Amino acid sequence: MSHHADVMISSTALDLPVHRKEVMEACLRQGMFPKMMEHLPASDAEAISTSIRLVNEAEIYVGVFANRYGYIPQRQNPRQISITEMEYGRAIERGISRLIFVMDDSHPPVTQTVEVGQTADKLKAFKERLQTENIVNFFSSPADLRGHVINSLSQLRKPELESLHYISEIPAAPTPYIAHPYTLLQTHALVGRRAELKLLSDWVSSTDADIFRAPILSVVAVGGLGKSALTWKWFSDIAPQVLPQLAGQMWWSFYESDASFDNFVTRALAYVSGRPLAEVRHIPQPDREAKLLAKLDREPYLIVMDGFERELLAYSRMDAAHLSDEDLDRETANSVARPSDPARSSAGEHRLRKTADPRVGAFLRKLTSSRSSRILISTRLYPADLQSLTEEPLPGCAAKFLEGLSDYASINLWRSFKGSGSTDTLGPLFRRLGNHPLLIQALASEVARYRKAPGDFDRWQRDHPDFDPFHLPLVQAKSHVLEFALKGLDQTSRRVLETIAAFRMPAGYETISALVLGQSGVCSTESELDLVLAELEDRGLLGWDKRANRYDLHPIVRGVVWSGLGIDRRQQVYSRLNTYFEAIPLVLDPLEVKNLDELAPAIERYSALIGLERFDDAFLVFRDRISQATLRRLSAGRQRVELLGMFFPDGPDADPRGHYPGAHAFMLNALAAGHQLSGQPGRATPMFQRYVELSMQADDDRSALTGLCNLSDALRLSGQFYKAEAAVRRALRVNQELRANFGKAVSLQLLGLVLGVSGRVLKSKSYLLRALRIFASLSQSPGEGVVSISLAQLALWRGLYDEAGGFARVAWEKAQVRNNERDFIVSARLHGTAELGLNHWTKANELLHQALTRARAVNDAENEAPALVALAVLSKRQGEMTLAREFLENVWEIAERGPYPIDHTNALNLLAQMERDSGNTDAAAEAATKAYRLSWCDGPPFSYYWGLEAARKHLCELGAPEPELPAFDPSKFEPMPEVEIDPADELNAGAH
C-alpha cells in the first residue's frame, strides 16, 4: 500500500491537456493525490492566498516548467514575481520535498506563448534558481515527463496510510457541489448513448414524457457498461442547459470509503441550506433528514447518487469488491426488472436489493414525492425499496436499464481505436457480444496493435481463422473474444496480468510493484511497469481504482487469463505471491484486525499455498492468522465458508486436503462455525456433530467439549431443543468431572439459555447467575458479557424490560474488552428491544437500526431477523403499518433458510396481531396456526414456550382450533444425560 500524500503541482507547462493528464496520472499511480489551481480567481489577493494554501496543505511539491513565467499579480506583490515562483518559494520555506521538471530544448514545439522582454528575464533567472537549488529532470515529451515523475515519486513513497478518501469543500449554492472529485478521474470518455442522454433530458424538461412525472430516475447496469460516464456527462455538460434555474446541483459517490448515508445527508443539508457543516452535525439525524427533504421539496436541486449499490445488501458486505455482477444480477432477479416493469421481482429474490440500513430505503421512498428536485441514481442493482409490496414500481420512480451500445456507437468505439472493417462484418460480431463496450474495446485494442496490419480487422480475421464467436453461447463468446484479445500482449504485459489475476482481492500498486520489479525480472523500472499498466487499462483488460490505487480484473478477464495458464506457470505465480506475503508482519492479536482488508495478506497467502498444494502450511495460516479474526472480531461467516471450501473440495463429508495432525477436526469446526455465522445453523449441526466424533476418536477432550457446546448452540437456534439440552448436559458433566471452571461456566450459560427458551425460567436464571459468578471469579470479562446477553434475553421473554436493558448495557461494556462485533450487535439489539418495551421509541429506533445495519454488514442473520421483528413491532406501535409489513417481508427468507423457528414464530405472531387489528380474522388465524406449529419443535417441554403461548392465545381469542401435533416422545431420542448440579444451582428450581 502506498502513502496517500497530497501533491501540489506548480506549473508553467501544463496548459496542454496531454501534459496535465500525464502528471496527474503519474501522481495517482504512486498513490498520491495531485492538486493544482485549475482556474485563476477573480482577484489577485484571492489568487495568492489560494496558491499558498495549496502549498501549505501539500507534502510534496512538483514543479513543471517550460517557456512561460506565469501570471504576475499586480497587487500585494512588492517583488513582482509570478504566482508560480511564489508557490515554489513557499515550498522552500516549509521544507517539503521538491521535484523539479523542466522542458528540454529537444521537446517538440508546443503552442505556448514564449516570454519576451522583462518576463523573459524573470523566467531565465527563475530557471537558473531552480537548477541551482534542486536536482532537475529534463523531459523531451509528455510520456518522458510521466516517466520522470513516476520514478521521482517512487523514491518518496512511504508505507501504507489508511486514509483512502477525500471529500471536497462545500461551496455556496448554486455552484455545483462535486463531493468526490477524484472519483470522476475514473470515468472513461462516453461513447454513444445519445438516446440515453436524451432520455435524461426528457426526464427533467419534457412535460409530455411519462418519465417526466418521476422525481427519481435510476440508471442501472452491470460494471463496464458506462453508467457513471453517462450520468457524469449529463450532470456536468447537459443538465445546466436544460435546467437553467436550478437552486444547486450535487454529485455524491458511494464508492468512497467514508461516503456513508449519514455523511451524505449531513453534507447535502449543509449545501442546500448554506449552514456551516459543524452546525449541521449537531442536528439530530432524523431532523437532518426531515430538513433536507423539506428543502428539496421546496426548491429545485439536482442530486446525483453514484454507485448506490454500495448501500444495498448485496454490496454492503465486507467482500463487496469481490462480487460478480452477473451472478448477483441473476440471484436478485435484477435481470427481469426492465423498463416495462422496472421493479418486478419476488420478495425472496429482491432481498439483496434492499438497503442495508432501512432508514436509507425509507428516505428514498420519501424522495419519490418531491415536488421540485430531481434525484438521479446510478447503480448496479435496482433498489428494491423503490418497488411496492405488489411488486410494482412506486409512484414517482422510473428506471433505465443500460444494455450494450447501439450498433452505431459500437462502430464508433471501434473506429476510435483506429480499427477498420466493414459495417456488414463488424455489426453482427458486436451484436453477438451484446455490444458490450469492454469486449469491443479489448478486441479493438488487439487489432489496432496487430503489427502485420494495424487496425485492419479483415486482415486480422483472415490471419486468425479459429476466431469464431458466432456459434457459442454468450458467456463462452465473451471468453472466446478475450482469449484473442490477449494474444497480442507481449510477455511482460502478460506476466503482469497473470500476476494480478492470481489475487483473490484487488491488489495495491505497492504489492504489484514488489512482485514484478527487481529480481522477478518482469519489469526493470517503475516507468516500464507504468507503461504496462497503462496499456492493459487502454485495452480494457485492467481496472484501476485511482482513489485507492488498486487494480482488479473483470471476472470474465480473470477467468480467461487464469484458465490459459499451464500448471507450471500457475505454480510460479503462486510461489511469488507466497514469498511476498510471507514476509509481511504477522498480526498476532485478532482484536487488532479492524476489517477484511487487513487480513488480505493472510488470505492471499492462504490461497497461494492452496494453489501450490502445500495444504498443511495453508492450514497453519488459516488457523493462526485468519480463523480467530473472522470468527470473533469480524463475524465473517461467508468468507470462512468460501476459504474453507478450498480445503474441502469434495464437500464436508469427505476427507479434506493435507495431513497436519488435528487439521481435519479443526477445519470442520471452522466450516460449521462459518455456516452458522452466515445464517445456516441447520447446515452447521451435522458438521459440529462430526467434529465432536473426530475429537473423541483422537482423545481430545478439550476439543470435544468445545464441539458439544457449539453443537448445542446450533441445535437451539434451529429449534432442536431436546438435543441441544442433551449436548450441553454432556459437556457440563465432563467439565465438572475435570473441575474445569471455565468450561463449566460456558456449559451453564448454554444450559440456562436452552432452558429459558423452553420456559423453565427459574432453573434458567439460576444457571445463568451461577455462570456469571464463575466468570467473575475467573476475571473473564468477555464471559460475563455473554452471560449478560443471555440474562437480557431471558428478561425480555418475561417482559422485564428495565432488567433486560440493564443486562444489555453491561454486555455492551464487556464487548469492548474483546472488541467483538457480534457482541456489539446483539447488545444493541437487546437494549433496543428493552427500550421498545418501555415505549422509549426514539432510543429504540436508534439502537435497533444500529444493530440491523451492523448485522447486515457482516451477514449476521442470527441477529438480523430478530432486529427486523423488533423494528416491525416499533413501526406498528407508531402507526406505520406498511413499514411494519415491509420489515416482516424481510424475515421470512432468513427464518426459513436458517432455520430460525424462534424468530419465525415471533414474526408470525406479530403478523397475526396486525391482521386481527385490520379485521382479517382468517389471515390472522392462518398466521397464528403457523406460529403454533413452528413453536412446537420437539413438543412441550421442549418447545418454544413463549411463542407457543402467544400463538395459543391468538387462536383462543379468534375462536380457531389449535393444531393437533404429536406430543414429545422420549423414545425417539437418546436418554437425556444425567448430571449432578451444584446445590447452589438448584436454588429456587421450578417448572415456570
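From a predicted model like this one, the values you see are computed outputs, not experimental measurements.

Novice: Explanation requested: the overall build of the protein in the structure shown.
Specialist: Within the protein, the secondary structure is distributed over 41 helices and 14 strands. Within the protein, buried positions represent 56% of all 992 residues. Restricting the contact set of the protein to residue pairs at least 6 apart, pairs at least 24 apart contribute 71%. Put simply, the protein shows about 41,100 Å² of open surface, and 51% of that area lies on carbon and sulfur atoms.

Novice: Please explain the sheet that holds strand β10 (residues 374-379) as it appears in this structure.
Specialist: Strand pairing in a sheet relies on backbone hydrogen bonds. The paired strands run either parallel or antiparallel. Spatially, the six strands line up as an open sheet ordered β6-β8-β9-β10-β7-β11, and their pairing is parallel. Each of the sheet's edge strands pairs with one partner strand only, and the pair in question is β6 (177-178) and β11 (397-401). Pairing analysis gives six bridges linking strand β8 (residues 248-253) to strand β9 (residues 301-306), with the strands arranged parallel. By the bridge assignment for β9, Q249 is matched with L302. Helix α8 (residues 261-273) rests against β6, β8 and β9 of the sheet, and its axis sits at about 160° to β8.

Novice: In this structure, what is going on with the nonpolar core? I would like to understand it.
Specialist: Inside soluble globular proteins, nonpolar side chains tend to come together where they are buried. Formed by 78 residues in total, the largest nonpolar core has its most connected members in Y606, I626, F647 and M667. Discounting residues that sit within four places of it in the chain, Y606 has contacts with A618, V621, F622, I626, L643, L644, M646, F647 and M667. Ranked by size, the runner-up nonpolar core spans 64 residues in total, among them V447, A477, L489 and L529.

Novice: What is the right way to look at the pattern of salt bridges in this model?
Specialist: One pass over the full model with this rule turns up 50 salt bridges. Between D385 and K354 there is a salt bridge, and its shortest N-O distance comes to 3.3 Å. With D385 in the loop between β10 and β11 and K354 in the loop between α11 (325-331) and α12 (358-367), the pair connects residues that are 31 residues apart, well separated along the chain. Across the pair, K354 and D385 agree in class, each one buried. Residues E535 and R449 are paired through a salt bridge, measuring 3.6 Å at the closest nitrogen-oxygen approach. Taken together, the residues E535 in helix α20 (residues 526-538) and R449 in the loop between α15 (437-448) and α16 (457-463) connect sequence positions 86 residues apart. Its relative accessible area of 35% is what places R449 among the partly exposed residues. A network of salt bridges, in which partner residues are shared, links E22, E25, R29, R146, D530 and E537.

Novice: In this structure, what is going on with the environment of R558? I would like to understand it.
Specialist: Positionally, R558 belongs in helix α21 (residues 555-563). For the pair R558 and L497, spaced 61 residues apart in sequence, the C-alpha separation works out to 8.8 Å. Once residues lying within four places of it in the same chain are set aside, the contact partners of R558 are I500, A501, A502, F503, D552 and L553. Polar side-chain contacts of R558 include one of 2.2 Å to the side chain of D552.

Novice: Explain unusual backbone geometry here, please?
Specialist: Across residues other than glycine, the phi torsion is negative in most instances, and most of the peptide bonds are trans. Cis geometry is adopted by the peptide bond preceding P899, which originates at G898 and carries an omega value of -10°. Following P940, the chain continues into P941 via a peptide bond in cis, with omega recorded as 10°. As for its position among the elements, P941 is in the loop between α40 (921-936) and α41 (945-958). The phi angle at D699 is positive, at roughly 55°, despite the residue not being glycine. When you line up the elements, D699 lands in the loop between α27 (681-697) and α28 (701-717). Taking the relative accessible area as the measure of exposure, D699 reaches 65% and is therefore exposed. In this structure, R739 takes a positive phi of about 55° despite not being glycine. Within the element layout of this structure, R739 appears in the loop between α29 (721-738) and α30 (741-757).

Novice: In this structure, what is going on with the packing of helix α36 (residues 861-877) against helix α39 (residues 901-917)? I would like to understand it.
Specialist: Running from N to C, α36 and α39 cross one another at 15°; their axes reach a closest spacing of 9 Å. Between α36 and α39, the angle falls in the class roughly parallel. Classified by chirality, the crossing of α39 by α36 is left-handed. Every residue of α39 that contacts α36 at E862, A865, P866, V869, A872, V873 and K876 is listed here: D903, N906, A907, L910, Q913, M914 and D917. Considering only residue class, the contact of α36 with α39 consists of eight nonpolar, two polar and four charged.

Novice: Is there a simple way to explain the side chain of N669 in this structure?
Specialist: Mapped onto the secondary structure, N669 falls in helix α26 (residues 663-677). With near-sequence residues (within four places) excluded, N669 lies in contact with F688, Y691 and N710.

Novice: Explain the confidence of the model for the protein here, please?
Specialist: Low pLDDT marks regions whose predicted coordinates should not be analysed in detail. Predicted confidence across the protein gives a mean pLDDT of 84, with 87% of residues reaching 70 or more. Within the protein, α11 has the poorest average pLDDT of any element, 54, and α39 the best, 97. Counting interchain partners and residues more than four positions distant, the pLDDT-below-50 stretch residues 159-166 has 29 contacts.

Novice: What is the right way to read the side chain of T511 from this model?
Specialist: Note that T511 resides in helix α19 (residues 509-516). Overall, T511 belongs to the buried group, its relative accessible area being 11%. Not counting the four nearest positions on each side in its chain, T511 is found in contact with F503, Y580 and F581.

Novice: Can you walk me through the sheet that holds strand β12 (residues 507-508) in this structure?
Specialist: With respect to topology, three strands assemble into an open sheet ordered β12-β14-β13, the strand pairing being antiparallel. In this open sheet, the two strands that pair with only one neighbour each are β12 and β13 (543-545). Both β13 and strand β14 (residues 550-552) contribute to a ladder of three bridges, which runs antiparallel. Residue pairing for β14: G543 is matched across the bridge by D552.

Novice: Mind showing me how you'd approach the packing of aromatic side chains here?
Specialist: To describe a pair of aromatic rings, one takes the distance between the centres and the angle between the planes. Counted by the stated rule, this structure contains 40 aromatic pairs. Here the aromatic rings of W203 and W234 are separated by 6.0 Å at their centres, their planes lie at 45°, and the arrangement is tilted. Residue W203 is found in helix α6 (residues 194-205), and its partner W234 is found in helix α7 (residues 227-242); the two are separated by 31 residues along the sequence. Like W234, W203 is buried.

Novice: Explain helix α25 (residues 637-645) to me, please; I cannot follow it from the model alone.
Specialist: Since the α-helix advances by 3.6 residues per turn, residues separated by three or four positions end up pointing in the same direction. If you check which residues of α25 are buried, you get G637, Q639, R640, L643 and L644. Projected down its long axis, α25 carries its buried residues within an arc of 160°, all on one side.

Novice: What exactly am I supposed to notice about α36 here?
Specialist: The terminal C-alpha atoms of α36, which comprises 17 residues, lie 24 Å apart, in line with the 24 Å expected from a rise of 1.5 Å per residue. Most of α36 is tucked away, with 14 of its 17 residues classed as buried.

Novice: Would you mind going over the packing of helix α13 (residues 407-416) against α15 with me for this structure?
Specialist: How two helices sit against one another is set out by the angle between their axes and by the gap between those axes. Direction vectors running N to C along α13 and α15 enclose 35°, while the axes themselves pass 9 Å from each other. Every pair of crossing elements has a handedness; the one defined by α13 and α15 is right-handed. Residues S410, L413 and W414 of α13 lie in contact with α15, whose contacting residues are P437, I440, Q441, L443, A444 and V447. Here the contact of α13 with α15 is built from residues that sort into seven nonpolar, two polar and no charged.

Novice: It is not clear to me how the environment of F417 should be interpreted in this structure. Could you clarify?
Specialist: Note that F417 resides in the loop between α13 and α14 (423-432). Along the backbone, F417 and I440 are 23 residues apart, and their C-alpha atoms lie at a distance of 9.9 Å. Apart from residues no more than four positions distant in its own chain, F417 is found in contact with Q441, A444, S445, A448 and D538.

Novice: Help me out: how do you make sense of the pairing of strand β7 (residues 216-220) in this one?
Specialist: When a strand is regular, its side chains alternate between the sheet's two faces. The buried count for β7 comes to five of five residues, which makes it a mostly enclosed element. Because side chains alternate across β7, one face comprises the buried residues I216, S218 and V220, and the other comprises L217 and V219, equally buried. Here five bridges tie β7 to β10, and the two strands are oriented parallel to one another. Its bridge partner lying in β10, S218 is registered against I377.

Definitions and limits used
- Positions within a chain are numbered from 1, following the residues in the order the chain's sequence is written.
- The predicted nature of this model means local features are confined to residues of pLDDT at least 70 and side-chain atom pairs, given and counted, to a pLDDT of 80 or more, with totals for whole chains, interfaces and linings taken over all residues.
- As a convention, hydrogens and water are excluded, and side-chain values are obtained from all of the structure's heavy atoms.
- Secondary structure is summarised from DSSP: a helix means a run of H or I of at least four residues, a strand means a run of E of at least two, and numbering begins at the N terminus for each.
- In this scheme, a residue with accessible area under 20% of its type's maximum is buried, one over 50% is exposed, and one in between is partly exposed, where area comes from a 1.4 Å probe on protein chains only.
- By definition, residues are in contact when any of their heavy atoms lie within 4.5 Å.
- Residue exposure ignores everything except the shown protein chains as possible cover, and the areas themselves are Shrake-Rupley values with a 1.4 Å probe.
- One bridge is not enough; two strands pair if DSSP finds at least two bridges between them.
- Orientation is described by lines fitted to C-alpha atoms, with helices fitted over the stretch in contact, and by angles between N-to-C directions that extend from 0 to 180 degrees.
- The criterion is simple. A nonpolar core is a set of buried Ala, Val, Leu, Ile, Met, Phe, Trp, Tyr and Cys residues joined through side-chain atoms within 4.5 Å.
- We define a salt bridge as a side-chain nitrogen of Lys or Arg found within 4 Å of a carboxyl oxygen belonging to Asp or Glu.
- Contacts described as polar in this section are N or O atom pairs within 3.5 Å, which, within protein, must combine one atom able to donate a hydrogen with one able to accept it, while residues neighboring in sequence count only if both atoms come from side chains.
- In these notes the angle categories are as follows: under 35 degrees is roughly parallel, over 145 is roughly antiparallel, 65 to 115 is roughly perpendicular, and the rest is oblique.
- Left-handed is the label given to a crossing in which the near helix is rotated counterclockwise from the far helix by less than a right angle, and right-handed is the label when the rotation is clockwise.
- Only Asp, Glu, Lys and Arg are considered charged, only Ala, Val, Leu, Ile, Met, Phe, Trp, Tyr, Cys and Pro nonpolar, and every remaining residue, Gly among them, polar.
- Each residue carries a pLDDT value, the predictor's own confidence for that position, ranging from 0 to 100.
- Two aromatic rings, drawn from Phe, Tyr or Trp (for Trp, its six-membered ring), form a pair once their centres lie within 6.5 Å of each other, and the interplanar angle then sorts them: stacked below 30 degrees, edge-to-face above 60, tilted otherwise.
- In this description, one arc is meant: the one made by directions from the helix axis to the C-beta atoms.
- Multiplying 1.5 Å by the helix residue count minus one yields the expected span of that helix.

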